[in-house]
Each structure stands twice: as structure tokens, then as C-alpha cells.
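Chain residues, written in single-letter form:
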Amino acid sequence: MIISVNKTNLIQAATIHSISWKESHRAFCSPDFIESHTPDRQWDYLGNKMNSGTKVYMLVEEKPIGIVSVTNSLIEDLYVLPDMQNMGYGTKLLQYAIDQCTGTPTLWILENNVNAERLYQRMGFVRTGRRNSITSGLVEIEFELT
């Protein structure tokens, strides 16, 4: 079941974000930067987004498994706990997020995130050609649903 994140369950969503973000960024971020992404930091991050109008959703089966956020038609923060990946949960969250968009769904991923790119392309997303350089050597690419 996918539920809205609110103040009562925000720490659960922040914990999923922290654990999953650390695992997905470990290969190309410094250890200090990785460890700074604590549940408390991600609680602030998600809380600030929610206060600015972003909707955050959490997939809960027997336990919380993943999260996704939607701001108008921008999909962000799609994270599934590492031990629950490759079981269809990311697809389920992505489809839910698509359904929440007010226009053409778009998203950005790190250029080196081949697993995410494979999921998004399978769901009908295509590269727009827009790129955003985060640091030297770290680039985001935009996708939109066709």
C-alpha cells in the first residue's frame, strides 16, 4: 500500500531515504559526504520539501519499503531499501508517482545510474537532452514520459 508521508511517519521515510541514498551513492561520493546523510538530515530535507508543497509517498507492505516525491510533474527521491530492490517495488512507486503528476512527468538521474535509467526507460521515459553538471564529473540527465 502506498500512503502519504506526514509528520507522524516522516522519520520512517527519512530513514528509507538515508539508507538507500547512502547505498546508491557510495561508489562515487566521499565517505564523509555519504555518512552525513543521516535519517535526521533526510528528515529535514523531506520536511522542507513537504513544507514547500512537494507530496511524499511511502510504500508499506509488512514494513516501510520505499519512498517517492512529486512536485507538480517532477518526480524525485525514488528510493527502495537495498534488500528490497529488484522485486517490483520501484516500478510500483514510479507508476504511483506518474499518476500523481499534473502534467508530463519528468525526472532527473545521475548519468552513471544505469539501474535507474533501465527502470525509467522500461516505463516509457526518454532522455530530453537536458543535462545539469553537479560537480566536475558528476552530471544529472533529464527524462520525461512520452
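Below: a short report on this structure. Owing to the predicted nature of the structure, the values given are computational and were not obtained by experimental measurement.

Describing two packed helices takes the angle between their axes plus the distance from one axis to the other. Helix α5 (residues 114-122) packs onto helix α4 (residues 89-100) with a crossing angle of 55 degrees between their chain directions and a minimal axis gap of 11 Å. In terms of axis orientation, α4 runs oblique to α5. The element α4 and its partner α5 pack so that their crossing is right-handed. Facing G90, T91 and L94 of α4, the residues of α5 in contact are L119, Y120 and R122. Tallied by class, the residues present in the contact of α4 with α5 amount to 3 nonpolar, 2 polar and 1 charged.

Spatial ordering of the open sheet is given by β1-β2-β3-β4-β5-β7-β6, a layout of 7 strands whose pairing is mixed. The sheet is open, and its two borders are formed by β1 (2-4) and β6 (125-135), each paired with just one other strand. Neighbouring strand axes in the sheet, compared pairwise and without regard to direction, differ in orientation by 30 degrees on average. Contacting β4 (74-80), β5 (106-110), β6 and β7 (138-145), α5 runs over the sheet at an angle of about 155 degrees to β5.

Grouped together as the largest cluster of nonpolar side chains are 40 residues, with contacts concentrated most on I75, L94, L107, Y120 and F125. Those elements giving two or more residues to this core turn out to be α1 (10-25), β2 (55-60), β3 (64-71), β4, α4, β5, α5 and β7. For Y120, the contacting residues outside a window of four places in its chain are L78, L94, L107, I109 and F125.

Once that is clear, we can look at unusual backbone geometry. Glycine aside, the phi torsion of most residues is negative, and most peptide linkages are trans. Even without being a glycine, N72 presents a positive backbone phi close to 60 degrees. Within the fold, N72 resides in the loop between β3 and β4. The exposure class of N72 is exposed, given its relative accessible area of 55%. In this model, D77 sits at a positive phi of 55 degrees, which is unusual for a non-glycine residue. Tracing the chain through its elements places D77 in strand β4.

Let us look at α5. Listing the buried residues of α5 in full gives A116, E117, L119 and Y120. With its buried residues spanning 160 degrees around the axis, α5 presents them on a single face. Residues of α5 that are exposed and point over 90 degrees away from its buried face: V114, N115, R118 and R122. Structurally, α5 contributes buried residues whose contacts are with β4, α4, β5, β6 and β7.

Turning our eyes to something else, we now look at the side chain of T106. Examined against the element boundaries, T106 turns out to sit in strand β5. On the basis of relative accessible area, T106 is assigned to the buried category, the value being 15%. The residues touching T106, leaving out its near neighbours within four places in the chain, are S73, L74, I75, F125, E142, F143 and E144.

Quick look at the pairing of β5 now. Most of β5 is tucked away, with 4 of its 5 residues classed as buried. Where β4 and β5 come together, 2 bridges link them in parallel fashion. Bridge pairing links I75 to L107 in β5. Crossover handedness for the path β4 to α4 to β5: right-handed. Sheet analysis places β5 next to β7, joined by 5 bridges and oriented antiparallel. Note on β7: the bridge partner recorded for L110 is E140.

Cut-offs used in this document
Residues numbered from 1 in each chain as written. Predicted model: local features only at pLDDT ≥ 70, side-chain atom pairs only at ≥ 80, totals over all residues. Heavy atoms only, no water. Axes fitted to C-alpha atoms, helices over the stretch in contact; angles between N-to-C directions. Helix = DSSP H or I, 4+ residues; strand = E, 2+ residues; numbered from the N terminus. Parallel < 35°, antiparallel > 145°, perpendicular 65-115°, else oblique. Left-handed = near helix turned anticlockwise from the far one by under 90°. Contact = heavy atoms within 4.5 Å. Nonpolar A, V, L, I, M, F, W, Y, C, P; charged D, E, K, R; others polar. Pairing = 2+ DSSP bridges. Core = buried A, V, L, I, M, F, W, Y, C linked by side-chain atoms within 4.5 Å. Buried < 20%, exposed > 50% of the residue type's maximum accessible area, 1.4 Å probe, protein only. Arc of directions from axis to C-beta. Right-handed = clockwise from strand over helix to strand, strands pointing away.

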